[in-house]
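# Secondary and tertiary structure notes
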Amino acid sequence: MGYAHEYAHAVLHRGRVPMEPTDHVVNWADGPRKGKYYPDAEAFALPGTEDLADVPVAPGLLPGAARAQDACGSSGFGLPLLSAMLKDSYGLTGRRLGIQANTDLAGLPFYTHANWSRGTAGGGGLYPVSIHWASGPSGPLTPGLHYYDIHRHALQRLLAGDVTDRVRDALGPDAPAEALGTDQYLILGVKYWQNSFKYNSFSFHVVCTDLGTLVQTWRIWAAARGLRLAPVLWFDEPRLNELLGVAGEEEAVFAVVPLHWDGTAPHRDTARRDAPRTDPRHRPTVRHRDAERSRTLLDFTALRAMHTATLDGAADRPAPGALAAAAALPVDAGAAGVRVGLPAPAFPDTGVRRALRDRRSSFGRFDARRRVGGGHLSAVLAACAGTRLAGDTDPSGEVRLARLYVFVNHVEGLEQGAYAYDPDRGDLCPVAPGPQGSFLQENYFLANYNLEQAGAVLVPTVRTTAVLDALGDRGYRLAVGTAGAVAQSFYLAASALGLGAGVALGFDNVSFAERLGLADGDEAPLLIMALGHERPGPADFRHEIA
């Protein structure tokens, strides 16, 4: 077993055995930016997005829809469509300033501490994922490598010239055909310090969830428009780190997302798997450097060890079908075979952009006086259960990695208790009867939620150790990224239904495993996701009319 097994065990037990360093104090005054800053790189404004018609979110959220769409059978991406997806997912779309129970409330009225909203959820609101676009001859711009500047909704050219052959070569000849048959790629890097300054050793776990939330936003967004996106997670990582001009210990490429482009085919036969490798003497690299805001950067042993562990064998893609050994286990109704029915899931015609713009964390605003409808809970559960990252280890998206449990507090037609959700039948199997509010609150570390006031609390589990056994240490990115993807599906389903939502990492994972009867197995509770109605008449700042 590799180091990732040790790290996964430490994460699971950190509520009882704190992870080192236990004396870490966050220096907020010297924190990094929420995004990279290239002061000398040329910038190009992206097209506006408001004129692009919105489309219903449901096709991307309902089980199977994101997997069934085929990008090759549709027109593909163009610059306006790519611009809209970037803006809706990671661009700044508004200012969050409302009365709530989070600890940063006192500083939000000050512009320097303002919290700018994005469509994608981020662990701690830190957003360490950097988005780069490698564009070849079939694209609308001069071929090159660009960085997406979230603050200006613009592209900064970091390198001129077609480097997509280098990206394609890094993916390897056994990459999915859609990755080899294009010359347009989104390259997702993670700047560790942007998260580790707060979460120290726990940060590797957090940034993996951030990767999953962003990729899932894109998958939902694209699926609603008849397009398919799937990340490549196994590739020659040092080669792409060198291309971006980043030191792997400080920032590393976590995923490559190929784009099917609407336009002229690439000038070369990019789909050939036996095409010659790039000239090893040709080593293009970005020479622009990110200007770091922090004066003091700290290193964390566990973070560095996890980076090294997941880098080992990064280009050795697991054999087809290897992931099946780590699939979520089927729901066992027990000897009595008790089942609790749920209404069929259904979503309103809420647009993807509208759902993304309305997405937020409820932070103490839940109101138990209004019960969650059984149909609404059913829809959210179905959306979460249908989530797949569908990366290069499972291109068809057939393997379900996450299993869902739900603690019912205030839901119409359901008795209070803990249940396992059966996605194949669309019903619930009782696990622990009776009120669960006290248990939920006692095992949550922070004071920004009263979980008893939520209508329900969903808990996704992943057989993390089974994923590591099947795929090696690099599989940690996929296992935890899947949990992040489930969290994003949860947020968007709740937003489309007009419900409040909140996802948290700060809870006693072991206690939840024990309550759900998982202590003797390999399922790891990775998140808690609270769902419910919010108090009426919230005191929110209307940034759009200010």
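A short tour of the structure in this document, coming up. Everything quoted here is computed from the prediction, not taken from an experiment. (Residues numbered from 1 in each chain as written. Predicted model: local features only at pLDDT ≥ 70, side-chain atom pairs only at ≥ 80, totals over all residues. Heavy atoms only, no water.)

### Overview of helix 5 (residues 164-171)
Our working rule: Burial classification: accessible surface area is computed with a 1.4 Å probe over protein chains only, and a residue below 20% of its type maximum counts as buried, one above 50% as exposed, and the rest as partly exposed. The numbering of helices and of strands both runs from the N terminus, where a helix is a DSSP run of H or I of at least 4 residues and a strand a run of E of at least 2. Contacts were defined at the residue level, with two residues in contact if any of their heavy atoms lie within 4.5 Å.
Of all eight residues that make up helix 5, seven are buried, and the element is covered over most of its length. Taken together, the buried positions of helix 5 are occupied by Thr-164, Arg-166, Val-167, Arg-168, Asp-169, Ala-170 and Leu-171. Tucked inside the fold, the buried residues of helix 5 contact strand 4 (129-135), helix 6 (177-180), strand 7 (184-191), helix 9 (237-244) and strand 8 (251-258). In the segment just after helix 5, Gly-172 is the residue with positive phi, at about 95°.

### What to know about helix 15 (residues 475-497)
In plain terms, the rule: Helix span, expected: 1.5 Å multiplied by one less than the number of residues in the helix.
For helix 15, spanning 23 residues, the distance from its first C-alpha to its last is 33 Å, which sits close to the expected 33 Å at 1.5 Å a residue. The element helix 15 is extensively covered by neighbouring structure, given that 23 of its 23 residues are classed as buried. Gly-498 occupies a position one or two residues after helix 15 and carries a positive phi of about 75°.

### Observations regarding the packing of aromatic side chains
Put simply, the rule is: Ring geometry is summarised as follows: Phe, Tyr and Trp rings, the Trp one being its six-membered ring, pair when their centres sit within 6.5 Å, and such pairs are stacked at plane angles under 30 degrees, edge-to-face over 60 and tilted between the two. Here, over-ring charges are defined by two tests on the NZ atom of lysine or the CZ atom of arginine: distance to the ring centre within 6 Å, and angle to the ring normal within 35 degrees.
Counted under the stated rule, the structure contains 21 aromatic pairs. Where Tyr-38 meets Tyr-147, the ring centres are 5.4 Å apart and the plane angle is 70°; that geometry is what we call edge-to-face. Of this pair, Tyr-38 sits in the loop between helix 1 (3-12) and strand 1 (42-45) while Tyr-147 sits in strand 5 (residues 144-149), placing them 109 residues apart in sequence. Each member of the pair, Tyr-38 as well as Tyr-147, is classed as buried. Relative to Phe-202, the ring of Tyr-199 has its centre 6.2 Å away and its plane inclined at 75°; by these criteria the two rings are edge-to-face. For Phe-202, a relative accessible area of 6% gives the class buried. We note Arg-14 situated over the ring of Phe-202; from NZ or CZ to the ring centre the distance is 3.6 Å. The side chain of Arg-118 reaches across the aromatic face of Tyr-127, ending 4.0 Å from its centre.

Keep in mind that these numbers describe shape and distance, not what the molecule does.
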